[in-house]
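This is what each chain is made of:
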Amino acid sequence: WPLRRVPAPAPPAEAVELPTEHPEHITDVEHKSGDVCAYMALDNAGDWCGVTTQGRFRDWRARNLVAFTLPDGTRARRDGEHEDGRPRFVKVREGEK
């Protein structure tokens, strides 16, 4: 008899809100292009501004972010979009990248 593995049900992903008030900041920010910024600050136009690990200045829109860490230490990753087109982020589970 072949063994059949049935995955355990996973709890639903916990939504995370990206800060929207200037001068909030996030760390360990990954862009969809693969660039990484150690620190980014939200400017008054709604863009995230920082310097990549290669030393280049970048300003990115929230829709281009793939993952980041909030000031409270919560790691978040991109998980699609809301109905209104805003990017949706969820909390990264233990052991997940």
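Residues numbered from 1 in each chain as written. Predicted model: local features only at pLDDT ≥ 70, side-chain atom pairs only at ≥ 80, totals over all residues. Heavy atoms only, no water.

### Focus: the overall build of the protein chain
Then, number 1: If you tally the helices and strands in the protein chain, you get zero helices and eight strands.
Then, number 2: In the protein chain, the succession of helices and strands from N to C terminus is β-β-β-β-β-β-β-β.
Then, number 3: On C-alpha atoms alone, the protein chain measures out to a radius of gyration of 16 Å, which is more than a quarter above the 13 Å that the 2.2 N^0.38 rule sets for 97 residues.
Then, number 4: In terms of overall dimensions, the protein chain has a C-alpha envelope of 60 × 30 × 25 Å along the principal axes.
Then, number 5: Within the protein chain, counting contacts between residues at least 6 apart in sequence, those at least 24 apart form 34% of the total.
Then, number 6: Of the roughly 7000 Å² of accessible surface on the protein chain, 51% is carried by carbon and sulfur atoms.
Then, number 7: Across the protein chain, the centroid of the 15 positively charged side chains sits 8 Å from that of the 17 negatively charged ones. (Helix = DSSP H or I, 4+ residues; strand = E, 2+ residues; numbered from the N terminus. Rg over C-alpha atoms; globule rule 2.2 N^0.38 Å. Contact = heavy atoms within 4.5 Å. Areas by Shrake-Rupley, 256 points an atom, 1.4 Å probe, with all protein chains shown as cover. Lys, Arg positive; Asp, Glu negative; His and termini not counted. Charge placed at Lys NZ, Arg CZ, Asp CG, Glu CD.)

### Brief notes about the packing of aromatic side chains
Then, number 1: What the rule picks out here adds up to one aromatic pair.
Then, number 2: With centroids separated by 4.9 Å and ring planes inclined at 70°, the aromatic side chains of Phe68 and Phe89 adopt a geometry described as edge-to-face. Of the two residues, Phe68 is situated in strand S6 (residues 65-69) and Phe89 in strand S8 (residues 87-91); the sequence distance between them amounts to 21 residues.
Then, number 3: Taking the relative accessible area as the measure of exposure, Phe68 reaches 0% and is therefore buried.
Then, number 4: In this structure Phe89 comes out as buried when scored by relative accessible area, which is 2%. (Phe/Tyr/Trp six-rings, centres within 6.5 Å; stacked < 30°, edge-to-face > 60°. Buried < 20%, exposed > 50% of the residue type's maximum accessible area, 1.4 Å probe, protein only.)

### A look at the confidence of the model for the protein chain
Then, number 1: Of all residues in the protein chain, 95% attain a pLDDT of 70 or more, and the chain-wide mean is 90.
Then, number 2: Of all the helices and strands in the protein chain, strand S1 (residues 15-16) carries the lowest mean pLDDT, 94, while S6 carries the highest, 97. (pLDDT = per-residue confidence, 0-100.)

### Observations regarding the pairing of S8
For a regular strand, side-chain orientation follows a simple rule: the groups alternate between the two sheet faces.
Then, number 1: In terms of strand pairing, S1 meets S8 through two bridges, oriented antiparallel. Along S8, the bridge assignment pairs Val16 with Phe89.
Then, number 2: Summarising the sheet, strand S7 (residues 75-81) and S8 pair through four bridges and their orientation is antiparallel. Looking at S8, one finds that Arg77 is bridged to Val90.
Then, number 3: Here S7 folds back onto S8, and the loop between the two strands holds five residues, one of which, Gly85, carries a positive phi near 95°. (Pairing = 2+ DSSP bridges.)

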